[in-house]
Amino acid sequence: MCIGLAMSELASAAPTSGGLYYWTYSLASPRCRNLLSWIVGYANTIAPIAGLAAVDWTCALQITAAVSIASNEVYVTTNGQVYGIFAALVISHAFLVSLGTQILARLQRLYILLNVCLSFVVIIALPIATPSEFKNSASYALGDFTNFNGWPSGFAFILSLLAPLWTIGGYDSSVHMSEEASNAATAIPWAIIGSIVVSATLGWGINVSLAFCMGSDIESILMSRTGQPMAQIFYNSFGQKGALALWSLVIVAQYMMGSSCLLVGSRQSFAFARDGGLPFSRYLYRINSYTRTPVITVWLDASLTLAIGLLAFASTQAIDAMFTLAVTSSYVSYITPIVTRFAFKNNFRSGPFNLGKFSFPVAATAVSWMVFMIVVFFFPTTPQTTAPEMNYTAVVLGGYMSLAILWYYCPKYGGVHWFNGPVSNLVSADKGPGDELASEKTGKGQGVDVLIVDTRV
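**Q** Before we move on, can you summarise the overall build of the protein with the specific residues and values?
**A** Counting its regular elements, the protein contains 16 helices and zero strands. On C-alpha atoms alone, the protein measures out to a radius of gyration of 22 Å, which is about the 23 Å that the 2.2 N^0.38 rule sets for 457 residues. Expressed along its principal axes, the backbone C-alpha trace of the protein runs to roughly 70 × 45 × 45 Å. Across the 457 residues in the protein, those meeting the buried criterion constitute 52%. For the protein, long-range pairs separated by at least 24 residues make up 81% of all intrachain contacts whose partners lie at least 6 apart in sequence.

Rendered as structure tokens:
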């Protein structure tokens, strides 16, 4: 919540689709603002792409789990089959997100409704349907701790936070829709906070329901032939037909989450290309005249997602790096503007949403937590590991950011010679020309109400 609150203050002061890297440029010292803005721009560009890869890979696994349930757990999938499903999902998302903003807004409302309904079905129906042999006592469900990975239990618990942090993430998702939202300075901060509250509340309820209804043989659930522990829990509780019906809704919800990731990522890529940050920006910065959406960056992000998915053919640990990359890269892009707000002298002026005297304590808490978790997520799953079993997040993130910095300092052609931060298209009635932080106009007619709830199943 501290991360969301700190981000909400910045979003209220400057609601622009460039969001994080624009805030960094506006608040940092002139001596380093270009470089910091460049770093944040690239970190924030890869985060939703990695998020889309993780969401759609999970969706592909969920589809194969449904096939396994339908075949009474006889069917066993291969990496090639999963990648084929993954590619089909990504391509279908690209077509979907290329549609007009009003259509996408309606789909977002449908997605929210489906997610909330599905959550209540799991919370209410699962305890009712679960046979007595799979029901757990309160002492077991709320107090048992099982450590499978060999780390000390305290550190193992911290490592397990990847799942909830990946699920309740994407705090900047609504920010990237600022230029297509009405009353963005107020709507976007409350969209961020609302998504966190909804995700945390429903997620807690689902986890409590699962803990009481999953049985005590955790190892058999984790090693299920469906490949999805939650699918196995549904299978044990609802039987084949009931599990298939409920699991189909889970797949639909996951699919719609993928469209949200691509929607947000394409807007970030478009904003960064508009400001000249990406290679071939002059070709990427285009709005389709019919749909009024950035179709080129939609397909750019989809193509990069397909490339990231090829990690699946390297190893399981390599594909797992998609999940941690989505969290760590987004944390890099969150930390920088929050720190620059307080570390440098600037003209920051709060928007309609502000925390007053609590701004600094909340920001300090958020930054400390994110720095700590970035370090934690670089650790392997087990203390005794081999090269194929290593956590490759540091390699993937470090390699990507190193290439971005090398491109910035490239002799003659690098960004250091021409990148001057976000291109100004700002108009403000109550700010003078010396003020750096302002709200960006959409330049696009009527806005839409935006609430992107990041509740990945």
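Right, picking up where we left off after that structure.
**Q** Talk me through the state of the cysteines; I want residue IDs and the actual numbers.
**A** A disulfide bridge is the covalent bond that connects two cysteines by way of their sulfur atoms. In the structure shown here, the tally under the stated rule is zero disulfides. In this structure Cys261 is a free cysteine whose sulfur lies 11 Å from that of Cys59, the closest cysteine sulfur available.

**Q** Tell me what's going on with unusual backbone geometry, and back it up with residues and numbers.
**A** Even without being a glycine, Phe280 presents a positive backbone phi close to 60°. Within the fold, Phe280 resides in the loop between helix 11 (229–274) and helix 12 (281–284). By relative accessible area, Phe280 is classed as exposed at 64%. The phi angle at Lys412 is positive, at roughly 70°, despite the residue not being glycine. Among the structural elements, Lys412 can be located in the segment after helix 16 (393–408).

**Q** An account of the pattern of salt bridges is needed here, citing residue identities and associated values.
**A** Under the defined criterion, the tally for this structure stands at two salt bridges. A salt bridge links Arg341 to Glu9; the shortest N-O distance between them is 2.8 Å. Highlighted residues: Arg341 in helix 14 (residues 316–343) and Glu9 in helix 1 (residues 2–13), separated in sequence by 332 residues. A relative accessible area of 2% places Glu9 in the buried class. Here Asp275 ties to Arg274 by a salt bridge, and the two come within 3.9 Å at their closest N and O atoms. We note that Asp275, like Arg274, is buried.

**Q** Run through the nonpolar core, naming residues and quoting values.
**A** Within the largest apolar cluster, 109 residues are counted, with the highest numbers of intra-cluster contacts made by Trp23, Phe234, Trp247 and Tyr331. When neighbours within four sequence positions are excluded, Tyr331 is seen to be in contact with Ile3, Leu165, Trp369, Met370, Met373 and Ile374. Listed in part, the five residues of the second largest apolar core include Leu5, Ile193, Phe353 and Leu355.

**Q** Provide a residue-level description of the packing of aromatic side chains, including the pertinent values.
**A** Scanning all chains against the criterion turns up 26 aromatic pairs. Residues Trp38 and Phe419 carry aromatic rings whose centres are separated by 5.2 Å and whose planes lie at 75° to one another, so their mutual orientation is edge-to-face. Of this pair, Trp38 sits in helix 3 (residues 33–70) while Phe419 sits in the segment after helix 16, and the two are 381 residues apart along the sequence. Taking relative accessible area as the criterion, Phe419 reaches 1% and is therefore assigned buried. Ring-pair connections join several aromatic residues into one group, and the members of that group are Tyr21, Trp38, Tyr42, Phe272, Tyr400, Trp407, Tyr408, Tyr409, Trp418 and Phe419.

**Q** Would you mind going over the environment of Ser315 in detail, with residue names and values included?
**A** By the element assignment, Ser315 lies in the loop between helix 13 (295–309) and helix 14. By relative accessible area, Ser315 is classed as buried at 18%. C-alpha separation for the pair Ser315 and Ser330, spaced 15 residues apart in sequence, amounts to 24 Å.

**Q** Which residues make up helix 13, and what values go with them?
**A** Between its first and last C-alpha, helix 13 extends 21 Å over 15 residues, near the 21 Å set by a 1.5 Å rise per residue. For helix 13, every residue scored as buried is listed here: Thr297, Val298, Asp301, Ala302, Thr305, Ile308 and Gly309. The buried residues of helix 13 all sit within an arc of 140° when viewed along its axis, so they share a single face. The secondary structure elements touched by the buried residues of helix 13 are helix 3, helix 4 (79–97), helix 11, helix 12 and helix 14.

Scoring rules and cut-offs
- Residues numbered from 1 in each chain as written.
- Predicted model: local features only at pLDDT ≥ 70, side-chain atom pairs only at ≥ 80, totals over all residues.
- Heavy atoms only, no water.
- Helix = DSSP H or I, 4+ residues; strand = E, 2+ residues; numbered from the N terminus.
- Rg over C-alpha atoms; globule rule 2.2 N^0.38 Å.
- Buried < 20%, exposed > 50% of the residue type's maximum accessible area, 1.4 Å probe, protein only.
- Contact = heavy atoms within 4.5 Å.
- Disulfide = S-S within 2.5 Å.
- Salt bridge = Lys/Arg side-chain N within 4 Å of Asp/Glu carboxyl O.
- Core = buried A, V, L, I, M, F, W, Y, C linked by side-chain atoms within 4.5 Å.
- Phe/Tyr/Trp six-rings, centres within 6.5 Å; stacked < 30°, edge-to-face > 60°.
- Expected span 1.5 Å × (residues − 1).
- Arc of directions from axis to C-beta.

The quantities given are spatial measurements derived from coordinates; they are silent on function.
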